Amino acid sequence: MTNVDPGEDFASFDYYHALFDNPKKNSVLLLDDTGVILQVNRAFLLSFGYSESELIGEHFSLLFTPEDRAKDLPIREIQTVLDEGQSFDNNYLVNRNGLQTWASGESVLLTNARGRRCVLKVIQNIHVQKESEQSIVRLNTFNESILASIEDAVLVLDNELKLVKANRSCLELFSLADTPLHLVDFKQLLQGIEHQDELYAGIVKTLGVGADPAALAAGSALSGPLQVEMPDGHGRMRSFDVAWTLLDHIGPDKVLLIFHDITNQRNQDRQREDILNFVAHELRNPLTNIILNIDWLGGLVREQELGEFGEFIDRTRRNAERLKKLINELYRSTKLISGNYDLQREEFDLGGLIDESIFAMTLAHPGYMIVRKGNPNVPGDIRLSGDRDKLLQVLTNYLSNAIKYSDGSLLIEVIVGQRDGSVVVGVIDKGKGIPAKELPYIFNRFYRAERTRSLEGLGMGLFLCRQIVEAHRGRTWVESVEGQGSAFYFSLPMA
Ligand code: ADP
């Protein structure tokens, strides 16, 4: 604690010289009661670039911009000080060699023993703060105009699930134009949206507040954007990708939600799938008939000992079989994509599935060494729930590709690991590998890497693998170096 002596004569301190001679930051001007500059301190000269002789004897209005002078701001400021004893002037502009500087100042009325009145003006240069304030305002205006112009519906919720912001598209989508945002009940807003409970739970979980336990449990599996169907403001059903993220760097937590309209894209996808489905379906019957007839012809050729035709019949049979395989895979893929099939779920041991697949492959390709690599951190027995046959098909597909594209390298490894609540299975070969530029497309339907097109294949296998794994809420991916080999992985959630 400081000792304050009540009898101390503070007026005896030499404020005047201290204020005018020493400060480096706080500028001080002494004006007479008409606004003529009588004194100016060192800090002012340093900060605003004038010399003393340019200012003393001049009216302080020379420090104002022409616009402010035209508004009589200097005279009004002096008048306020004379009337009220002080005036506070924030953000006015002071000229300095043509440059304008934002300043914040306080003026107080002084009277000396002889009754002479002066005005003491203390000024701070707040140019830098003001500039950053203005650039924030400009940035906000910019952000606001982007928000207003984008087609995505954007809204912000506070941690009590109250709407604090909604752009034009959002107001339209939810028909909110006439409702004050803070009165909107968010749960009500989600009514009619597909997966509304999952969406609500996901957002509640992101905010981590006000959550009822059921909502938290339902949202626990959510990790990313959700595709939903919902009616738009005109009662038509539309499809949206809904993504949300926590805004935790601007005060109390808020969540930003974006509804991205994918209706057109979805409709196009559906139309394409419908056409493929129709074509595949309609081709199956005539083709079965053609194959039956080829077989009948083949029998006839053998019976009649028309050996020279045998080769043509065999070639036709092989091509018809290839066509059948393609059409069947196409048909299966359209069914998988539309979700128009049932996963035959059962509990099974993943280790058993891996061993079965390796055994079958080794039997079919005895020259290859397919080894299962143990991971000491992964228990031998991994119980999963899923469509065992379809998952077996995924692993078998990975293995047969590893053999097909092995380029003579006979060792193939199957590894099993665990990551983030998922089990990961990898098939690693030392074969041809895949060029980096082709990797992003390798799981696409019909895609075949350029260098392997001479080998038999339809470019459908990996696509089907991805559909099957994703139907189990898993992921597929590949790592590969051209000329060195590939590692194909899939992961499946264990819960
Ligand atoms: P397909 O084998 O019938 O062509 P897939 O969908 O199974 O169709 O594979 C797509 C493409 O991916 C293949 O054509 C091949 O170029 C590439 N690929 C798949 N597996 C491997 C692998 N293990 N090594 C190198 N390339 C591969």
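Here, the structure is the one placed above.
Here goes a summary of the coordinates provided. (Residues numbered from 1 in each chain as written. Predicted model: local features only at pLDDT ≥ 70, side-chain atom pairs only at ≥ 80, totals over all residues. Heavy atoms only, no water.)

**Side note on the nonpolar core**
Looking at soluble globular proteins, one finds that nonpolar side chains tend to be buried together. Within the largest apolar cluster, 52 residues are counted, with the highest numbers of intra-cluster contacts made by Leu350, Ile370, Tyr398 and Leu399. Listed by contribution, the elements that provide at least two residues to this core are helix H11 (263-303), helix H12 (307-338), helix H13 (350-364), helix H14 (388-404), strand E14 (411-419), strand E15 (422-429), helix H15 (461-471) and strand E17 (485-493). A per-element tally of this core places H14 first, with eight residues. With near-sequence residues (within four places) excluded, Leu350 lies in contact with Ile382, Leu384, Val416, Val423 and Val425. Of all hydrophobic cores here, the second largest spans 29 residues; its members include Leu173, Leu199, Val204 and Leu226. (Core = buried A, V, L, I, M, F, W, Y, C linked by side-chain atoms within 4.5 Å. Buried < 20%, exposed > 50% of the residue type's maximum accessible area, 1.4 Å probe, protein only. Helix = DSSP H or I, 4+ residues; strand = E, 2+ residues; numbered from the N terminus. Contact = heavy atoms within 4.5 Å.)

**Quick word on the packing of H14 against H15**
Their axes nearest at 9 Å, the elements H14 and H15 cross at an angle of 145°. Where H14 crosses over H15, the two elements pack in a sense that is left-handed. Contacts between H14 and H15 involve Lys390, Leu391, Gln393, Val394, Asn397, Tyr398 and Asn401 from the former and Gly461, Leu462, Leu464, Cys465, Ile468 and Val469 from the latter. Along the lines of polarity and charge, the residues of the contact of H14 with H15 split into eight nonpolar, four polar and one charged. (Axes fitted to C-alpha atoms, helices over the stretch in contact; angles between N-to-C directions. Left-handed = near helix turned anticlockwise from the far one by under 90°. Nonpolar A, V, L, I, M, F, W, Y, C, P; charged D, E, K, R; others polar.)

**What about the sheet that holds strand E6 (residues 153-158)?**
In spatial order, the strands read E7-E6-E10-E9-E8; together these five strands make up an open sheet with antiparallel pairing. The sheet is open, and its two edges are formed by strand E7 (163-166) and strand E8 (226-231), each paired on a single side. For this sheet, the mean angle separating the axes of adjacent strands, direction not counted, is 30°. Summarising the sheet, E8 and strand E9 (residues 237-247) pair through six bridges and their orientation is antiparallel. Looking at E9, one finds that Leu226 is bridged to Val242. H11 rests against E8, E9 and strand E10 (254-261) of the sheet, and its axis sits at about 130° to E9. (Pairing = 2+ DSSP bridges.)

**As for the environment of Leu395**
Counting through the fold element by element, Leu395 comes out in helix H14. Note on Leu395: relative accessible area 0%, which makes it buried. With 93 residues separating them along the chain, Leu395 and Phe488 place their C-alpha atoms 9.6 Å apart. Excluding anything up to four places from it in sequence, Leu395 contacts Leu353, Ile354, Ser357, Val425, Val427 and Phe490.

**Describing the site of the ligand**
Neighbouring the ligand are 21 residues, the closest being Asn401, Tyr405, Arg448, Thr452 and Leu462. Taking Ser486, its side chain carries an N or O atom lying 3.4 Å from a nitrogen atom of the ligand. Contributions of two or more residues to the shell around the ligand are made by H14, H15 and E17. The residue inventory of the shell around the ligand, partitioned by class, reads 10 nonpolar, eight polar and three charged. (Near = heavy atom within 4 Å. Polar contact = N/O pair within 3.5 Å; in protein donor to acceptor, adjacent residues only side chain to side chain.)

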